[in-house]
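# Structural overview for review
What follows is each chain in one-letter form.
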Amino acid sequence: MAAELTLGARLRSDVVAEGDDRGIDHGALAAVPAAGNRRASPMPAHLKFFYGPMDCGKSTLALQIDHNHARQGRHGLLLVRYDRSGRPTITTRVGLARAAVEVEDDTDLRLLVLEHWAAGKPLDYLIVDEAGFLTPEHVDQLAELVDDRSVDVYCFGLATDFRTQLLPGAKRLFELADEILPVHVEVLCWCGRPGQLNARIVDGRVVREGDTVVVGDTDASSDVRYQVLCRMHHRRGDLGSAVTRGQLTLDV
């Protein structure tokens, strides 16, 4: 136990908070276990960002990719930032759920991976859900893990908030990711057009001011909920009438 605590202290002391490197002292961590065979035979790792509006299946895809990698003997870690459930869990609207590690404002993702290796646990990839809510610093840390530690990173999340502005994590991922991939499960506005934007609904009305992060769902019974709209109806704040809601029509 004492040896483990000493190693944990060494890991923390090796994280560089400031300076040109902004990384980790590789020499001091030379004894940290490798991740699978990736270190023995280095292969390029990748930072991928899968994005789309609510209801398009991002979290479901995240769990499917984790399942596929695990079947091939790879070892991953699930991370989440502000899941709709309010718990450290990746949940989907089709009923799937997996426990995950919550990413806090002060979480150093590099340290998280290194401590995993120091405990003797192999780790080949990260699955990060709700990645749009990451800080830019979190995304920089993920890019460093890809480039310097050969850890594959798969991020999933919204691109924009309820005001149609890029979320901070999504903006940085658009700037740094090796691949940017829209999730091609079509979500429809009430009018039948493709849904592109997430509207925040309070007391039955579209709101355009407030905190960037308010955890909610698309359940109509919620006090604060979200609804996917096309650009035109998001701009107009039009949620559809009681007659048209639930039907598909291109009438305007």
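Predicted model, so just to flag it, every value in this text is computed and none were measured. (Residues numbered from 1 in each chain as written. Predicted model: local features only at pLDDT ≥ 70, side-chain atom pairs only at ≥ 80, totals over all residues. Heavy atoms only, no water.)

It is worth spelling out the pattern of salt bridges at this point. On inspection of all chains with the given rule, the structure shows 11 salt bridges. Taking the shortest distance from any N to any O, the salt bridge between Asp 55 and Arg 93 comes out at 3.1 Å. Within this pair, whereas Asp 55 is found in the loop between strand S1 (47-51) and helix H2 (58-71), its partner Arg 93 is found in the loop between strand S3 (89-91) and strand S4 (97-99), the two being separated by 38 residues in sequence. Ionic pairing is found between Arg 163 and Asp 161, a salt bridge with its closest N-O pair at 2.7 Å. (Salt bridge = Lys/Arg side-chain N within 4 Å of Asp/Glu carboxyl O. Helix = DSSP H or I, 4+ residues; strand = E, 2+ residues; numbered from the N terminus.)

For the rest of this paragraph, the subject is the pairing of strand S11 (residues 224-229). Of all six residues in S11, five are buried, a share of seventy percent or more. Looking at chain direction, strand S9 (residues 197-202) and S11 are connected through six bridges and run antiparallel. Looking across to S11, one finds that Val 202 is bridged to Val 224. (Buried < 20%, exposed > 50% of the residue type's maximum accessible area, 1.4 Å probe, protein only. Pairing = 2+ DSSP bridges.)

The next subject is the packing of helix H4 (residues 136-149) against helix H5 (residues 168-176). In contact at an axis separation of 8 Å, H4 and H5 are set at 35 degrees when each is read in the N-to-C sense. Crossing of H4 against H5: the hand is right-handed. Side by side, H4 and H5 meet where Pro 136, Val 139, Asp 140 and Ala 143 of the first sit next to Pro 168, Gly 169, Arg 172, Leu 173 and Leu 176 of the second. The residue makeup of the contact of H4 with H5, split by class, is six nonpolar, one polar and two charged. (Axes fitted to C-alpha atoms, helices over the stretch in contact; angles between N-to-C directions. Left-handed = near helix turned anticlockwise from the far one by under 90°. Contact = heavy atoms within 4.5 Å. Nonpolar A, V, L, I, M, F, W, Y, C, P; charged D, E, K, R; others polar.)

Along the chain, His 46 turns up in the loop between helix H1 (2-14) and S1. Once residues within four sequence positions are removed from consideration, His 46 is found in contact with Val 146, Val 151, Asp 152, Val 153 and Asp 178.

Another point: the pairing of S1. With four of its five residues buried, S1 lies for the most part within the structure. Of the strand pairs in this sheet, S1 and strand S8 (residues 179-182) are connected by four bridges, and their pairing is parallel. When the sheet's bridge partners are listed, Phe 50 is paired in S8 with Leu 181.

Attention now moves to the nonpolar core. Formed by 48 residues in total, the largest nonpolar core has its most connected members in Leu 47, Leu 126, Ile 127, Val 128, Leu 142, Val 153 and Cys 155. By residue number, the principal contributor to this core is H4, which donates five residues. Excluding anything up to four places from it in sequence, Leu 142 contacts Leu 47, Leu 109, Leu 126, Val 128, Leu 134, Val 153 and Cys 155. In this structure, Ala 199, Ile 201, Cys 230 and Leu 239 belong to the second largest nonpolar core, which totals 10 residues. (Core = buried A, V, L, I, M, F, W, Y, C linked by side-chain atoms within 4.5 Å.)

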